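# Fold and contact review
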2 protein chains.
Amino acid sequence: MAVEWSNLGPEVLVRLDRGPRGTLATQLQEELRAAIRSGRLEPGERLPSSRAMARELSVSRGLVQSSYEQLEAEGYLLATTGSGTRVTMAAASPDQSGIAAAAAAVEIDFAPGRPDLSSFPMRDWLWACGEVSRSASARDAGYPDPRGLIQLRQVVAAYARRVRGSDTTADHIVICNGFTQGAGLTLAALVAQGVRQVAVEDPGHLDMAELVRRAGLEPIPVPVDRNGLDVDALRATEASAVIVTPAHQTPTGVVLTSRRRQALLEWAAHRQAVVIEDDYDSEFRYDKKPVGSLQGVAAGRVVSIGSVSKSLGPTLRLGWIIAPPHLAPAIAQAKYRADRGSPGLDQLVLSRLMESGRFDRHLRRMRGVYAQRRRSLMLALSAYAPAIDLTGMAAGFHAVANLPDHVNEIQLVAMAAERSVGLQGLGRYRFNGSSGPAGIVFGFGDLTVSAIDRGIARISDLLEGS
Amino acid sequence: MAVEWSNLGPEVLVRLDRGPRGTLATQLQEELRAAIRSGRLEPGERLPSSRAMARELSVSRGLVQSSYEQLEAEGYLLATTGSGTRVTMAAASPDQSGIAAAAAAVEIDFAPGRPDLSSFPMRDWLWACGEVSRSASARDAGYPDPRGLIQLRQVVAAYARRVRGSDTTADHIVICNGFTQGAGLTLAALVAQGVRQVAVEDPGHLDMAELVRRAGLEPIPVPVDRNGLDVDALRATEASAVIVTPAHQTPTGVVLTSRRRQALLEWAAHRQAVVIEDDYDSEFRYDKKPVGSLQGVAAGRVVSIGSVSKSLGPTLRLGWIIAPPHLAPAIAQAKYRADRGSPGLDQLVLSRLMESGRFDRHLRRMRGVYAQRRRSLMLALSAYAPAIDLTGMAAGFHAVANLPDHVNEIQLVAMAAERSVGLQGLGRYRFNGSSGPAGIVFGFGDLTVSAIDRGIARISDLLEGS
């Protein structure tokens, strides 16, 4: 006998078989996994309550609960108080067939976090490859230093001191494969130091919470308001580490105020806690000088993780961890265990790019490109949807359009998709689901000026709810 | 009051302070960590028993035991029944200052596992970089498919089918950063499937046992004899997965016999177990055709992990996991969580190298180079130390010199080091320490014909114990 469930519409289907196909719990887990992998259940999507699901499938609520818990442990689902259970951001990605199909239908995609891919400095990269091929020795073909090649660590240390106001040397830097790995290695080192709970920003990247959980730690959501992370709320938790985006918060785009920065570092000093700074797009600031890295102020308490994913391109998978002296060896250890070190030739290529001045030149050029796109987004919104308030634009390449009270964020995203415009609501970044003001995160890094204009024109009536 | 301990010679020093410097247990752990990191305690080195250590330091044995356990949990130490507690292979590596200093003193290093670094095909690599830079699109600058780019997965699938007799398609391949990461991702996927114990070869790379433990699993050592892994002994364990090097065992160099291969696969089928095949140097075989991959015989039960670390160079940090269909999605998931995918441009470069025929040409050339070096090792041993029996030379670039009964392996290694010749004894690959016949693992991949000859001449009296 088979029971089918299709409450989320015909595309989501759970089929339980009271026959020889394993226990009902196993079947339910398999069906949900398959639905998530294939993209039928999308990242951020909320599942029905265990009660509703149990009723639909005519099984016990305990069976559904235990299945949800299993998938949560595996990282497919994320349960949050007050907001039910959702598909994690990462869950569907490896099997991209579904995602690619969905992306094909989106003509203008305002997804944040993407730099202008067509500007990747391919010629500079090839030039640096040539330089490396001429100067490399046999030794450079061997296993790289697991901490990263000394050449690159020195260049990165100098860059971070100059551009980000960091307080570090090559000895306290570990080269990694981008932010995700950097955070994973740092969390592994913190576990060994006895840390148990790690605060994360809410709203924030739900991937962070998953990273924390995967490391065997408990993520504690702490609210973000228009001044950045609420440090009073952080103080009220038991967390002894926190992951923050101080220079340009993901997703709200707010900059942590100087008073909050100070309070955060006082908290860290007082609690002997560690601040993990995601320094992801701080190179791009428009109105003023970039906000310096927190790490520069409290080198003993801050781990600052940077990468070239926004400045050059995510394809390179290269980043760095600037660690306090007491954590650097444990992080290097974790890197050795993870993959024995990042690719050596790539590290040589990047260090040539950075020390040759070509990296800086590229950044200067890109600041101009992004400033134009940012201006285009502001102009388009003020022309087509003047009621919309845009915030979080001081740096990076995303901002938040705050929606009028009568506009439903989830409906807006769905209706924009029908017009081939890809939008992300603030809700998918909230632990608490739809509670909190509605808003749309507009990424403009990988969209041309004209695409931005056309995209906003096409959905302006939806934004204003008219 | 300070107690000093220097039982292992003046270079190892534990200093406990009955003052304000934290508990004695914390101090002991810190001192041991520091000794390991700095290289004062070397990988493979055995620590005194907890009883002896406690006596020397005038502390309780329980305190020493709990400190050893803590460092074991952190991966610095490995406790094995019957052989006490040793420093893990990986432990000292990230802080390489000590290692580099030690390496400088070694003039001729027979360390196994290193290909000829001076033969890295730098010109081919640069050619492929040029090809990629001309043909890449903006999309190639973005986040790569976490499973690996489809171009590379297709090329690798075709290569593995052709050269290794594999039975796979691009859909069941995940690109990773070399064997260590590949095994880590596979073990993470097995944990989610309920695996608890993983068998590892003894003697074998002790790194494997550490990898298994780090994944939250229990490593179970299973003996290797001259026919390879003892499958009867494996059958007697509770393990539901095993890591093997069937084509050329590390460190003994034996090839798993066809009867044993069959028995191993029968065990896997019967127990619904998974065989993780480390297919690390099988491209290089001298007397006969390479032994095909186990994966080709039982694609549903074998995970085969390959890399270009031996065929091109470890610097590239690129490898592949050929997975059974039921494991491939979970491994891809683990890869996404670890670092969101391997570098995209590198994957394009490698796929160009492989499909252009330059990779094959390089392998053909290297087979000739290694065959000469292998011959040089055999000739030197038969000329200078004719009593020594050399085994495990059918493939790869290491072999084992079996020592006469009256030669002490540890003393031999130490005395060779005094003559600036680097050797590794079989003991450092044994869970059971020095039990088992004495032998030296001779790597010849990264030594010239003349260095091999001079090295053997310099230590021949030690080898024969004369």
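Attention here is on the structure that accompanies the text. (Residues numbered from 1 in each chain as written. Chains lettered and ligands numbered in written order. Predicted model: local features only at pLDDT ≥ 70, side-chain atom pairs only at ≥ 80, totals over all residues. Heavy atoms only, no water.)

## A short note on the relation of the copies chain A and chain B
Each copy of the sequence occupies a distinct position, and chain A is placed on chain B by a rotation of 180 degrees and an axial shift of 0.0 Å, giving an RMSD of 0.1 Å. Put plainly, the chains are arranged around a two-fold axis. Minimal C-alpha distance to the rotation axis in chain A is attained by A:Cys129, lying at 3.7 Å. Most of the interface of chain A is mirrored in chain B, where 100% of its interface residues are also at the interface. (Least-squares fit on C-alpha atoms with pLDDT ≥ 70 in both. Contact = heavy atoms within 4.5 Å.)

## Side note on the environment of A:Asp207
Residue and element names in this part refer to chain A. Relative to the helices and strands, Asp207 is located in helix 8 (residues 206–214). For Asp207, a relative accessible area of 16% gives the class buried. For the pair Asp207 and Ala268, spaced 61 residues apart in sequence, the C-alpha separation works out to 23 Å. (Helix = DSSP H or I, 4+ residues; strand = E, 2+ residues; numbered from the N terminus. Buried < 20%, exposed > 50% of the residue type's maximum accessible area, 1.4 Å probe, protein only.)

## So, the sheet that holds strand 14 (residues 389–391) of chain B
Residue and element names in this part refer to chain B. In space, the four strands of this open sheet follow the order 14-15-18-17, with antiparallel pairing throughout. A single partner strand is all that each edge strand has here, and the edge strands are strand 14 and strand 17 (424–425). As defined by bridge partners, strand 15 (residues 398–402) adjoins strand 18 (residues 439–443) across five bridges and the pair is classed as antiparallel. Bridge pairing links His398 to Gly443 in strand 18. (Pairing = 2+ DSSP bridges.)

## Concerning helix 15 (residues 449–464) of chain B
Residues and elements named next belong to chain B. With 16 residues, helix 15 should cover 22 Å at 1.5 Å per step; its first-to-last C-alpha distance of 22 Å lies within 8% of that length. Of all the bends in helix 15, the greatest, near 45 degrees, is centred on Arg458. Listing the buried residues of helix 15 in full gives Ala451, Ile452, Gly455, Ile456, Ile459, Ser460, Leu462, Leu463 and Glu464. Its buried side turned inward, helix 15 meets strand 5 (108–109), helix 13 (358–384), helix 14 (409–418), strand 16 (421–422) and strand 18. (Expected span 1.5 Å × (residues − 1). Bend = angle between axes of the 7 residues up to and from the residue.)

## Describing helix 15 (residues 449–464) of chain A
Those residues of helix 15 of chain A hidden inside the fold are in contact with strand 5 (108–109), helix 13 (358–384), helix 14 (409–418), strand 16 (421–422) and strand 18 (439–443) of chain A. Note on helix 15 of chain A: the residue one or two positions beyond its end, A:Gly465, has a positive phi of about 70 degrees.

## Some points on the pattern of salt bridges
Enumeration according to the criterion identifies 36 salt bridges over all chains in this entry. For A:Arg454, the salt bridge identified is with A:Glu107, shortest N-O distance 3.5 Å. Here A:Glu107 lies in the loop between helix 4 (97–105) and strand 5 and A:Arg454 lies in helix 15, a separation of 347 residues in the sequence. Overall, the relative accessible area of 49% leaves A:Glu107 in the partly exposed class. Close ionic contact of A:Arg337 with B:Glu210 constitutes a salt bridge, the shortest N to O distance being 3.2 Å. Taken as a pair, A:Arg337 in helix 11 (residues 328–339) and B:Glu210 in helix 8 (residues 206–214) lie in two separate chains rather than in one. You can call A:Arg337 buried: its relative accessible area is 16%. (Salt bridge = Lys/Arg side-chain N within 4 Å of Asp/Glu carboxyl O.)

## With respect to the state of the cysteines
Put plainly, a disulfide is one covalent bond tying together the sulfur atoms of two cysteines. In the structure shown here, the tally under the stated rule is zero disulfides over all chains. Of all cysteine sulfurs in the structure, the one in B:Cys176 sits closest to A:Cys176, which takes part in no disulfide; the separation is 18 Å. No disulfide involves B:Cys129; its sulfur sits 3.8 Å from the nearest other cysteine sulfur, which is in A:Cys129. The exposure class assigned to B:Cys129 is buried, which follows from its relative accessible area of 0%. (Disulfide = S-S within 2.5 Å.)

## Some words on the packing of aromatic side chains
Applying the stated criterion across every chain, the model contains twelve aromatic pairs over all chains. With 5.4 Å between their ring centres and 75 degrees between their planes, A:Tyr159 and A:Phe359 make a pair best called edge-to-face. You can see A:Tyr159 sitting in helix 6 (residues 150–164) and its partner A:Phe359 sitting in helix 13, a full 200 residues away along the chain. With respect to class, A:Tyr159 is no different from A:Phe359; both count as buried. Relative to A:Phe397, the ring of A:Tyr370 has its centre 4.5 Å away and its plane inclined at 35 degrees; by these criteria the two rings are tilted. Remark: A:Phe397 occurs in the loop between strand 14 (389–391) and strand 15 (398–402) and A:Tyr370 occurs in helix 13; sequence separation between them is 27 residues. Given the relative accessible area of 1%, A:Tyr370 is considered buried. The structure contains a cluster of three or more aromatic residues connected by ring pairs, namely A:Tyr159, A:Trp320 and A:Phe359. Note that A:Arg340 overlies the ring of A:Tyr143, its terminal NZ or CZ placed 4.4 Å from the centroid. A cation sits over an aromatic face here: B:Arg358 above B:Trp127, 3.7 Å from the ring centre. (Phe/Tyr/Trp six-rings, centres within 6.5 Å; stacked < 30°, edge-to-face > 60°. Lys NZ or Arg CZ within 6 Å of the ring centre and 35° of its normal.)

## Some words on the interface of chain A and chain B
Chain A puts 59 residues into the contact, and the matching count from chain B is 59 residues. Interface area for chain A against chain B, summed over the two sides, is near 5000 Å², with a carbon-plus-sulfur share of 61%. The interface formed by chain A and chain B contains two salt bridges. The interface formed by chain A and chain B contains 16 residue pairs in polar contact (both at pLDDT 80 or more). (Buried area = accessible area lost by both parts, 1.4 Å probe. Polar contact = N/O pair within 3.5 Å; in protein donor to acceptor, adjacent residues only side chain to side chain.)

## Here we look at the sheet that holds strand 11 (residues 274–278) of chain B
Residues and elements named next belong to chain B. Pairing is mixed across the open sheet formed by eight strands, whose spatial order is 6-13-12-11-10-7-8-9. Edge positions in the sheet fall to strand 6 (173–176) and strand 9 (228–229), since each has one partner strand and no second. Here four bridges tie strand 11 to strand 12 (residues 302–307), and the two strands are oriented parallel to one another. Directly across from Ile276, in strand 12, lies its bridge partner Val303. Strand contacts of helix 7 (residues 179–192): strand 6, strand 7 (197–202), strand 10 (241–244), strand 11, strand 12 and strand 13 (319–322), with the helix running at about 160 degrees to strand 12, the strand carrying the most contacts. In the packing of helix 11 (residues 328–339) onto the sheet, contacts are made with strand 6 and strand 13, and the angle to strand 6 comes to roughly 20 degrees. (Axes fitted to C-alpha atoms, helices over the stretch in contact; angles between N-to-C directions.)

## Digging into the packing of helix 7 of chain B against helix 8 of chain B
Residues and elements named next belong to chain B. Contact geometry of helix 7 with helix 8 gives a least axis separation of 9 Å together with a crossing angle of 35 degrees. Judged by the twist between their axes, the crossing of helix 7 over helix 8 is right-handed. In contact with Phe179, Thr180, Ala183, Gly184 and Leu187 of helix 7, helix 8 contributes Met208, Leu211 and Val212. Of the residues assigned to the contact of helix 7 with helix 8, the class counts are six nonpolar, two polar and no charged. (Left-handed = near helix turned anticlockwise from the far one by under 90°. Nonpolar A, V, L, I, M, F, W, Y, C, P; charged D, E, K, R; others polar.)

## Some words on the pairing of strand 13 (residues 319–322) of chain A
Residues and elements named next belong to chain A. Judged by which residues are buried, strand 13 turns out to be covered on both faces: Gly319 and Ile321 on one side and Trp320 and Ile322 on the other are all buried. In this structure, strand 6 (residues 173–176) lies alongside strand 13, joined through four bridges in antiparallel fashion. Bridging from a neighbouring strand, Val174 pairs with Ile321 of strand 13.

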